[in-house]
Amino acid sequence: TTNVNGEIIRRYSADCNLISLLPFTTPHLPGDDVALDAFSAALATALAVRHLNEGDGSIVAEVQGLNETCPINFNLEHMNTEFNIRQTIVKLLDRFESEELSQACAVIGSKYSLVTGPTSITSNLHGYPQISGLSTSTVRIMVYAQMALKEHDCSDARILGRFS
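Structural notes, computed from the coordinates. Keep in mind that this is a model prediction, so the values were computed, not measured.

## Quick word on the overall build of the chain
Per the secondary structure count, the chain includes 6 helices and 4 strands. Residue burial in the chain is summarised as follows: out of 164 residues, 37% are buried. In the chain, 64% of the contacts between residues at least 6 apart in sequence involve partners at least 24 apart. By element, 55% of the accessible surface of the chain is carried by carbon and sulfur atoms, the whole surface being about 9900 Å².

## Topic: a nonpolar patch on the surface
The grouping of L47, I59 and V60 at the surface amounts to a nonpolar patch, some 260 Å² of accessible area in total. Position of L47 relative to the elements: it lies in helix 1 (residues 33-54).

## Observations concerning the state of the cysteines
Under the counting rule described, the total for this entry stands at 1 disulfide. Between the sulfur of C16 and that of C105 lies a disulfide, 1.9 Å long from S to S. Every disulfide takes its handedness from the sign of the S-S torsion; for C16 and C105 that torsion is 50°, giving right-handed. Taken as a pair, C16 in strand 1 (residues 14-22) and C105 in strand 3 (residues 104-108) lie far apart in primary sequence, 89 residues in all. A relative accessible area of 11% places C16 in the buried class. According to the relative accessible area criterion, C105 is partly exposed, its value standing at 25%. Left without a disulfide partner, C70 is nearest to the cysteine sulfur of C16, which lies 8.9 Å away.

## With respect to the packing of helix 3 (residues 85-97) against helix 4 (residues 113-125)
With their axes 10 Å apart at the nearest point, helix 3 and helix 4 run at an angle of 30° to one another. Between helix 3 and helix 4, the crossing angle belongs to the class labelled roughly parallel. You can see that helix 3 and helix 4 cross each other, and the crossing is right-handed. Facing helix 3, whose interface residues are I85, T88, I89, L92, L93 and F96, helix 4 presents L114, V115, P118, T119, T122 and S123.

## Considering the nonpolar core
If you look at the biggest cluster of nonpolar residues, it comprises 8 residues: I19, L21, M79, L92, F96, A104, V107 and Y128. At the level of elements, strand 1, helix 3 and strand 3 are the ones that each hand at least two residues to this core. Sequence-distant contacts of Y128, defined by excluding residues within four places in its chain, comprise F96, Q103, A104, C105 and S123. Counting residues in each nonpolar core, the second largest holds 6 residues, with C16, F74, A106 and I108 among its members.

## Some thoughts on the packing of aromatic side chains
Counting across every chain of the model gives 2 aromatic pairs. With a centroid separation of 4.8 Å and 55° between ring planes, the pair formed by F24 and F39 is classed as tilted. Here F39 lies in helix 1 and F24 lies in the loop between strand 1 and helix 1, a separation of 15 residues in the sequence.

## Observations regarding helix 3
Compared with the 18 Å implied by 1.5 Å per residue over 13 residues, the 18 Å span of helix 3 between its first and last C-alpha is a close match. If you check which residues of helix 3 are buried, you get I85, T88, I89, L92, L93, R95 and F96. The buried side chains of helix 3 occupy one side of the element, clustering within an arc of 160° when seen end-on. A side-chain oxygen of the first residue of helix 3 lies 3.2 Å from the backbone nitrogen of R86; this N-cap is N84.

## A short note on unusual backbone geometry
One non-glycine residue with positive phi stands out, namely E82, at about 50°. Locating E82 in the fold gives a position in the loop between strand 2 (72-80) and helix 3. In the Ramachandran plot, F83 falls in the positive-phi region, its phi being about 55° despite a non-glycine side chain. Assignment of secondary structure puts F83 in the loop between strand 2 and helix 3.

Criteria and cut-off values
- Think of each chain on its own: its residues are numbered from 1, step by step along the sequence as written.
- Local features in this predicted model are restricted to residues of pLDDT 70 or higher, and side-chain atom pairs are both shown and tallied only at a pLDDT of 80 or more, whereas totals for entire chains, interfaces and linings draw on every residue.
- For the side-chain quantities, the full set of heavy atoms in the structure was used; hydrogens and water were omitted.
- Here a helix means four or more residues in a row that DSSP labels H or I, a strand means two or more in a row labelled E, and each is numbered from the N terminus.
- In this scheme, a residue with accessible area under 20% of its type's maximum is buried, one over 50% is exposed, and one in between is partly exposed, where area comes from a 1.4 Å probe on protein chains only.
- Whether two residues are in contact is decided by their heavy atoms, any of which lying within 4.5 Å being enough.
- Note on areas: these come from Shrake-Rupley sampling with a 1.4 Å probe, and a residue is covered only by the protein chains present in the view.
- Think of a patch as exposed residues, more than 30% relative accessible area, with no salt bridge, where like charges cluster within 9 Å and nonpolar side chains (Val, Leu, Ile, Met, Phe, Trp, Tyr) cluster within 5 Å.
- In the sections that follow, a salt bridge refers to a side-chain nitrogen of Lys or Arg positioned within 4 Å of a carboxyl oxygen of Asp or Glu.
- Note on terminology: disulfide denotes any pair of cysteine sulfur atoms within 2.5 Å.
- Each axis is a line fitted through C-alpha atoms, and for a helix only the stretch in contact is used; angles between axes span 0 to 180 degrees, taken between their N-to-C directions.
- Under this scheme an angle from 65 to 115 degrees is roughly perpendicular, one under 35 degrees roughly parallel, and one over 145 degrees roughly antiparallel; angles in between are oblique.
- We call a crossing left-handed when the near helix sits turned anticlockwise from the far one by less than a right angle, and right-handed when that turn is clockwise.
- Nonpolar cores are built from buried Ala, Val, Leu, Ile, Met, Phe, Trp, Tyr and Cys residues. Side-chain atoms within 4.5 Å join them into one set.
- Whether two aromatic rings pair depends on their centres lying within 6.5 Å, for rings of Phe, Tyr and Trp, where Trp uses its six-membered ring; planes under 30 degrees apart make the pair stacked, over 60 edge-to-face, and the rest tilted.
- By this rule, a helix spans an expected 1.5 Å times one less than how many residues it contains.
- Along the arc lie the directions from the helix axis toward the C-beta atoms.
- Here a polar contact is recorded for every N or O atom pair within 3.5 Å, except that within protein the pair must consist of a potential hydrogen donor and a potential acceptor, and residues adjacent in sequence are included only if both atoms are side-chain atoms.

Shown next as structure tokens:
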């Protein structure tokens, strides 16, 4: 579709709101390396979303022209995990249940499996896919999550109660 000046107007049939989980601040961890990595990952994710929307295949060839064949507008929002499982799950649940914000279509997991494991369960229970290009652990996630929940004085029932 074009406007009166002959400029192409992009029309989308759907929005895909991606929620990216990253530890921008880590109050209980020393050093700035964690947050610096999070900002780098945020920039890379923003570039990927831009390439999806513009059909720019300069980095991933398969994306070339995607904007002409796929009528989806990708949006990105970042959620600060603060490297805190309970807080992140509560924020994610609040986001899923929000009537003021556009519905999410997917979650991009955190860099750390300690957070990404439990959030992937949360996302899945609410019908949202979660992917993570940074987190790779699969075996010890729930053991670490239980340890962290106890350390932060959070019972499993307190968090799982939000699902009922």
